[in-house]
Amino acid sequence: MAACVSRVELSVSCRSLLDRDLGSRSDPLCVLLQDAGGGGWAELDRTEKIKNCQDPEFCKKLVVDYYFEKVQKLKFGVYDIDNESFDLNDDDYLGGIECTLGQVVSCSLFTKPLELKQGKPAGKGTITISAEEIKDTRIVHLEIEAQNLDKKDIFGKSDPFLEFYKQSDAGTWQLVYRSEVIKNNLNPCWRKFSVPLQTFCGGDFNKPIKVQCADHDSDGSHDLIGALETTLAQMQTAGAGSLVEYECIHPEKKQKKKNYKNSGIIRIKSCKIETEYSFLDYVMGGCQINFTVGVDFTASNGDPKSPDSLHYISPDGINEYLIAIWSVGSVVQDYDTDKLFPAFGFGAQVPPSWQVSHEFALNFNPSNPYCQGIQGIVDAYCQTLPQIRLYGPTNFSPIINHVARFAAHSLQQGTAAQYFILLIITDGEITDLDQTRQAIVNASKLPMSIIIVGVGEADFKAMEFLDGDSGVLKSVTGEPAARDIVQFVPFRQFKNAPREALSQMVLAEVPKQLVSFYKWQGWPPLKLPEIKAP
């Protein structure tokens, strides 16, 4: 596997975007895609949406792993967002650019004209990207309130929000955080927020930080209430009952009014700094990743002897099930020292009783369902196929609950020692959707992730529903998943792409899911990385 040299944080701003909204300005968002091979693009990250703004400076940074030895083709796309859906296909495209990460990191400011398609400019729109290497894994947690802010609205109080800027080496101010807006309140208390230390002040506790407090207007013409300058070192003295207070000063008012005191008080209630561990910190610290495969043997796949069956093994020894096992397994196996992988089938009648089973061992050895390496899973699959009868229904919950039992046992150890990945390969006709929803909600509290690869041409609406990208998955009783643990990918999107494209897409979420679980538990890696001195 290629070694990730470092992580890079990209700051994005645009100027003179096209106006696609009637009666108001566009509501832009920027998405970052990476070339996944075979003409496909995989989304890496996206910024927040900014309302009514043709010259947005996005606050959310786009994070990308930088591999020195790979040409990493990137595409930045800017969209006018007019709805709540995650899908960008129903939003107006305001233009984009294609470039390489190498081009971006080798420029201090990378500015390009936006194009609607190759050779067709998007009006006068431009995009500017600057890159910064993430060297520091510490996080700043802040809690802030204000008192007696100036009233800016004629028919009500102000709608205040905060913006934090760090000073760059060139002396310019760069936005690092924008708070939520608190409506109609001159004594707001903003919700706790966290910013990576690197983003916040470049790791320099004495670097100047500018805080601006403004009154939000829905048309984008926000009014400044006041500003202050400080450093992280000063803010850090807050906490344990002692607040750090600053006067919020409006420069023009200060010049014009003789008896001007301030435009309100900003208080830092608490300022804490914690170390954020990465996926590699956990893996290098000794976390084992346990890989389990579940294969759909229901009748809707078609008779394995027939060439139009999804289980038909072609003369060169492959089918979509086998390609999915190989491409995902070949990446995951590097993180599992014993290379013993349990593999199960579901939805078939199994000898000798010919009862339908929803979790039978592919090697027909229920007390030892482990296969030696990925090749062992492939061999077991090929030997099992002629010995079973494809049947139904398609129940996912038994195999999810099976892996969850192991994950629950490892949870009791109270350390970041083991994480479980379940790969389910299916043709998509799920029968026990309600039980599966409950099983996933239960599993979301455990050290495990579920990857579903959909093979064939079925309608995968149920699978997309289980993948919580469009909102939090809930059980039938309304209990929400504690975190998003399901990643669904339809195999047909990758039919003509190189094999690694599928594994990259399928496994993209796993590192985030593993880190989010251990962070939620408050568990550090088994062996701590050496902390660099600040």
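Residues numbered from 1 in each chain as written. Predicted model: local features only at pLDDT ≥ 70, side-chain atom pairs only at ≥ 80, totals over all residues. Heavy atoms only, no water.

### Digging into the overall build of the chain
Line of reasoning, step 1. Check the secondary structure of the chain and you find 12 helices and 26 strands.
Line of reasoning, step 2. Its C-alpha atoms give the chain a radius of gyration of 27 Å, near enough to 24 Å, the size a compact globule of 534 residues would have.
Line of reasoning, step 3. Here the C-alpha coordinates of the chain stretch approximately 95 × 55 × 45 Å along the principal axes.
Line of reasoning, step 4. Taking all 534 residues of the chain together, 51% fall into the buried category. (Helix = DSSP H or I, 4+ residues; strand = E, 2+ residues; numbered from the N terminus. Rg over C-alpha atoms; globule rule 2.2 N^0.38 Å. Buried < 20%, exposed > 50% of the residue type's maximum accessible area, 1.4 Å probe, protein only.)

### Quick look at the side chain of Ser-444
Line of reasoning, step 1. Looking at where Ser-444 falls in the secondary structure, it is placed in the loop between helix H9 (433-443) and strand S25 (448-454).
Line of reasoning, step 2. A polar atom in the side chain of Ser-444 sits 2.6 Å from the backbone oxygen of Val-441.
Line of reasoning, step 3. Sequence-distant contacts of Ser-444, that is, excluding residues within four places in its chain, are made with Ala-481, Ala-482, Arg-483, Ile-485 and Trp-520. (Polar contact = N/O pair within 3.5 Å; in protein donor to acceptor, adjacent residues only side chain to side chain. Contact = heavy atoms within 4.5 Å.)

### With respect to the sheet that holds strand S12 (residues 193-196)
Line of reasoning, step 1. Taken in spatial order, the four strands of this open sheet run S12-S9-S16-S15, and their pairing is antiparallel. Among the strands making up the open sheet, the edge pair consists of S12 and strand S15 (244-247). For this sheet, the mean inter-axis angle between neighbouring strands, taken without regard to orientation, is 35 degrees. (Pairing = 2+ DSSP bridges. Axes fitted to C-alpha atoms, helices over the stretch in contact; angles between N-to-C directions.)

### Here we look at a nonpolar patch on the surface
Line of reasoning, step 1. Side chains of Leu-340, Tyr-370 and Phe-406 sit close together on the surface and give an oily, nonpolar patch of about 260 Å² of accessible area.
Line of reasoning, step 2. For Phe-406, the location among the structural elements is in helix H8 (residues 397-411).
Line of reasoning, step 3. Residue classification places Phe-406 among the partly exposed residues on the basis of a relative accessible area of 43%. (Patch = residues over 30% accessible without salt bridge, like charges linked within 9 Å, V, L, I, M, F, W, Y side chains within 5 Å. Areas by Shrake-Rupley, 256 points an atom, 1.4 Å probe, with all protein chains shown as cover. Salt bridge = Lys/Arg side-chain N within 4 Å of Asp/Glu carboxyl O.)

### A few points about the pattern of salt bridges
A pair can form between side chains of opposite charge whenever their charged atoms are brought close.
Line of reasoning, step 1. The full count for this structure, using the stated rule, is 20 salt bridges.
Line of reasoning, step 2. A salt bridge links Glu-145 to Lys-269, with the nearest nitrogen and oxygen atoms 3.9 Å apart. Highlighted residues: Glu-145 in strand S9 (residues 138-147) and Lys-269 in strand S16 (residues 265-275), separated in sequence by 124 residues.
Line of reasoning, step 3. Residue Lys-269 is classed as partly exposed on the basis of its relative accessible area of 26%.
Line of reasoning, step 4. The partner of Asp-434 in a salt bridge is Arg-437, with the nearest N and O atoms 3.6 Å apart. With Asp-434 and Arg-437 both in helix H9, this residue pair falls three residues apart, about one helical turn.

### Concerning the nonpolar core
Line of reasoning, step 1. If you look at the biggest cluster of nonpolar residues, it comprises 56 residues, and the most contacted ones within it are Phe-291 and Phe-297.
Line of reasoning, step 2. A per-element tally of this core places helix H6 (residues 320-332) first, with seven residues.
Line of reasoning, step 3. The contact partners of Phe-291, leaving out residues within four places of it in the chain, are Val-328, Gly-329, Val-332, Asp-336, Phe-341, Pro-342, Ile-374, Ile-377, Ile-421 and Leu-423.
Line of reasoning, step 4. Counting 32 residues, the second-largest nonpolar core is a separate cluster that includes Ala-146, Leu-197, Phe-205 and Cys-213. (Core = buried A, V, L, I, M, F, W, Y, C linked by side-chain atoms within 4.5 Å.)

### Observations concerning the pairing of S16
Line of reasoning, step 1. Bridge count for S9 against S16 is 10 bridges, and the pairing is antiparallel. Across the sheet, residue His-141 finds its bridge partner in S16, namely Lys-272.
Line of reasoning, step 2. Sheet topology note: the S15/S16 ladder contains four bridges and is antiparallel. Each bridged residue has a counterpart across the sheet, and for Glu-245 the counterpart in S16 is Arg-267.

### Some details on the domain arrangement of the chain
Line of reasoning, step 1. Split by domain assignment, the chain resolves into domain 1 (6-134), domain 2 (138-275) and domain 3 (289-521).
Line of reasoning, step 2. Taken over C-alpha atoms, the centre of domain 2 sits 48 Å from the centre of domain 3. (Domains from an automatic or database assignment.)

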